[in-house]
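Read off the chains here:
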Amino acid sequence: MKTIRLKITGKVQGVFYRQNTTEKAEKLNLTGTVRNCEDDSVEIIATGEEEQLAELVKWCWQGPPRAKVENIQAEELPLKIFQNFSIIRY
């Protein structure tokens, strides 16, 4: 098990990126959070097995149909345990 943080930039807000990410993460049995950032990026913090996390990263490069991903910054974080995968709204 490990935890990663992804920062996705491009046209990723207003295209259902958070909702689609949540659905994909749940299918992959990942836990964590997804949120919109003030700089128009999306941040994902996800915990799970390495193979499932790699699948999520691969999916993030495409995202939902209307998204246009320009870049993904990924970093490993100390293991963080979540109950489920959820959208953080402000």
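Residues numbered from 1 in each chain as written. Predicted model: local features only at pLDDT ≥ 70, side-chain atom pairs only at ≥ 80, totals over all residues. Heavy atoms only, no water.

Peer 1: What am I meant to see in the nonpolar core here?
Peer 2: One broad trend across soluble globular proteins is that nonpolar side chains are buried collectively. Judged by nonpolar contacts, the single largest core of 22 residues is most densely connected at L6, I8, Y17, I44, A46, L56 and C60. Breaking this core down by element, the ones donating at least two residues are strand 1 (2–11), helix 1 (17–27), strand 3 (42–48), helix 2 (50–62), strand 4 (68–77) and strand 5 (85–88). Residue contributions to this core peak at four residues, all from helix 2. For I8, the residues in contact, after removing those within four places along its chain, are Y17, S41, V42, I44, C60, V69, N71 and I72. (Core = buried A, V, L, I, M, F, W, Y, C linked by side-chain atoms within 4.5 Å. Buried < 20%, exposed > 50% of the residue type's maximum accessible area, 1.4 Å probe, protein only. Helix = DSSP H or I, 4+ residues; strand = E, 2+ residues; numbered from the N terminus. Contact = heavy atoms within 4.5 Å.)

Peer 1: I tried to follow the state of the cysteines on my own but got confused; where do I start?
Peer 2: What we call a disulfide is simply a covalent bond connecting the sulfur atoms of a pair of cysteines. This structure, assessed with the given rule, holds zero disulfides. Unpaired in this structure, C37 has its nearest cysteine sulfur neighbour in C60, at a distance of 13 Å. (Disulfide = S-S within 2.5 Å.)

Peer 1: When you look at the environment of V69 in this model, what are you seeing that I'm missing?
Peer 2: Inspection of the secondary structure assignment puts V69 in strand 4. Sequence-wise, V69 and S41 are 28 residues apart; in three dimensions their C-alpha atoms are separated by 9.7 Å.

Peer 1: Can you walk me through the pairing of strand 1 in this structure?
Peer 2: Of the strand pairs in this sheet, strand 1 and strand 3 are connected by seven bridges, and their pairing is antiparallel. Across the sheet, I8 pairs through a bridge with V42, a residue of strand 3. The pairing of strand 1 with strand 4 spans nine bridges and is antiparallel. What sits directly across from T3, in strand 4, is L77. (Pairing = 2+ DSSP bridges.)

Peer 1: How do you make sense of the packing of helix 1 against helix 2 when you look at a structure like this?
Peer 2: How two helices pack is summed up by the angle between their axes together with the distance between the axes. Axis separation between helix 1 and helix 2 bottoms out at 11 Å; the angle between their running directions is 155 degrees. For the element pair helix 1 / helix 2, the angle class is roughly antiparallel. The two elements helix 1 and helix 2 meet at a crossing, and its hand is right-handed. In contact with Y17, N20, T21 and K24 of helix 1, helix 2 contributes L56, W59 and C60. Each residue belonging to the contact of helix 1 with helix 2 can be placed in one class, and the counts come to four nonpolar, two polar and one charged. (Axes fitted to C-alpha atoms, helices over the stretch in contact; angles between N-to-C directions. Parallel < 35°, antiparallel > 145°, perpendicular 65-115°, else oblique. Left-handed = near helix turned anticlockwise from the far one by under 90°. Nonpolar A, V, L, I, M, F, W, Y, C, P; charged D, E, K, R; others polar.)

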